[in-house]
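Residue-level listing of the chains:
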Amino acid sequence: MAKSGANPEAMDKMIQTLTKFIEVQNSVVETLNSNYQEVGDEWDDKKYEELGEVINQASAAIKGSYATLSTSITKIQLLKSIMEDYLSQHMS
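Criteria and thresholds
Residues numbered from 1 in each chain as written. Predicted model: local features only at pLDDT ≥ 70, side-chain atom pairs only at ≥ 80, totals over all residues. Heavy atoms only, no water. Helix = DSSP H or I, 4+ residues; strand = E, 2+ residues; numbered from the N terminus. Rg over C-alpha atoms; globule rule 2.2 N^0.38 Å. Contact = heavy atoms within 4.5 Å. Areas by Shrake-Rupley, 256 points an atom, 1.4 Å probe, with all protein chains shown as cover. Lys, Arg positive; Asp, Glu negative; His and termini not counted. Charge placed at Lys NZ, Arg CZ, Asp CG, Glu CD. Phe/Tyr/Trp six-rings, centres within 6.5 Å; stacked < 30°, edge-to-face > 60°. Buried < 20%, exposed > 50% of the residue type's maximum accessible area, 1.4 Å probe, protein only. Core = buried A, V, L, I, M, F, W, Y, C linked by side-chain atoms within 4.5 Å. Patch = residues over 30% accessible without salt bridge, like charges linked within 9 Å, V, L, I, M, F, W, Y side chains within 5 Å. Salt bridge = Lys/Arg side-chain N within 4 Å of Asp/Glu carboxyl O.

1. Here's the deal with the overall build of the protein chain
At step 1: Within the protein chain, the regular secondary structure consists of 3 helices and 0 strands.
At step 2: Secondary structure elements of the protein chain occur, N-terminal to C-terminal, as α-α-α.
At step 3: For the protein chain, the C-alpha radius of gyration of 21 Å lies well beyond 12 Å, the compact-globule estimate for 92 residues.
At step 4: Taking the principal axes of its C-alpha atoms as reference, the protein chain extends roughly 70 × 15 × 15 Å.
At step 5: Look at the contacts in the protein chain between residues 6 or more apart in sequence, and 78% of them connect residues 24 or more apart.
At step 6: In the form shown here, the protein chain has an accessible surface area of approximately 6900 Å², with 56% of it arising from carbon and sulfur atoms.
At step 7: Side-chain charges of the protein chain comprise 8 positive and 14 negative groups, with the mean position of each set lying 12 Å from the other.

2. Regarding the packing of aromatic side chains
At step 1: Under the definition given, this model contains 2 aromatic pairs.
At step 2: Relative to Tyr 48, the ring of Tyr 36 lies with its centre 4.3 Å away and its plane at 5°, an arrangement referred to as stacked. Of this pair, Tyr 36 sits in helix α1 (residues 8–40) while Tyr 48 sits in helix α2 (residues 46–63), and the two are 12 residues apart along the sequence. Judged on exposure class, the residue Tyr 36 and its partner Tyr 48 are both buried.
At step 3: Measuring from centroid to centroid gives 6.1 Å for Trp 43 and Tyr 48, while their planes differ by 65°, and the two rings are edge-to-face.
At step 4: Assessed through its relative accessible area of 33%, Trp 43 is described here as partly exposed.
At step 5: An aromatic cluster of three or more residues is present, and its members are Tyr 36, Trp 43 and Tyr 48.

3. Quick word on the nonpolar core
At step 1: Membership of the largest hydrophobic core is limited to 9 residues, which are Met 11, Ile 15, Leu 18, Ile 22, Leu 69, Ile 73, Ile 76, Met 83 and Leu 87.
At step 2: Listing elements by their share of this core, those giving two or more residues are α1 and α3 (66–90).
At step 3: Counting residues per element, this core draws most heavily on α3, at 5 residues.
At step 4: Among residues more than four places away in sequence, those in contact with Ile 22 are Tyr 66, Leu 69, Ser 70 and Ile 73.

4. Structural notes on a nonpolar patch on the surface
At step 1: Together, Leu 78, Leu 79 and Ile 82 line one region of the surface with nonpolar side chains, adding up to about 300 Å² of accessible area.
At step 2: Inspection of the secondary structure assignment puts Ile 82 in helix α3.
At step 3: A relative accessible area of 47% means that Ile 82 is categorised as partly exposed.

Structure below.
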């Protein structure tokens, strides 16, 4: 039997939260790259290149969760649809 508190809107909030997190991650990567370019306007030697490697590693780590998060969003959307179908059949 369905719990009376079953709430598809809560699943929408999950999707929105994950989507917002992905957007924040992308913004952070863009900002890091922009800041790195700004540093390069005044400083361009081996150590600047070393800083670029650090920024690239940080960006890769940030972007590393994108596939998992996107898959999670898709799965939540699917499960939300299944829950809505279930609720429409059992709560009517």
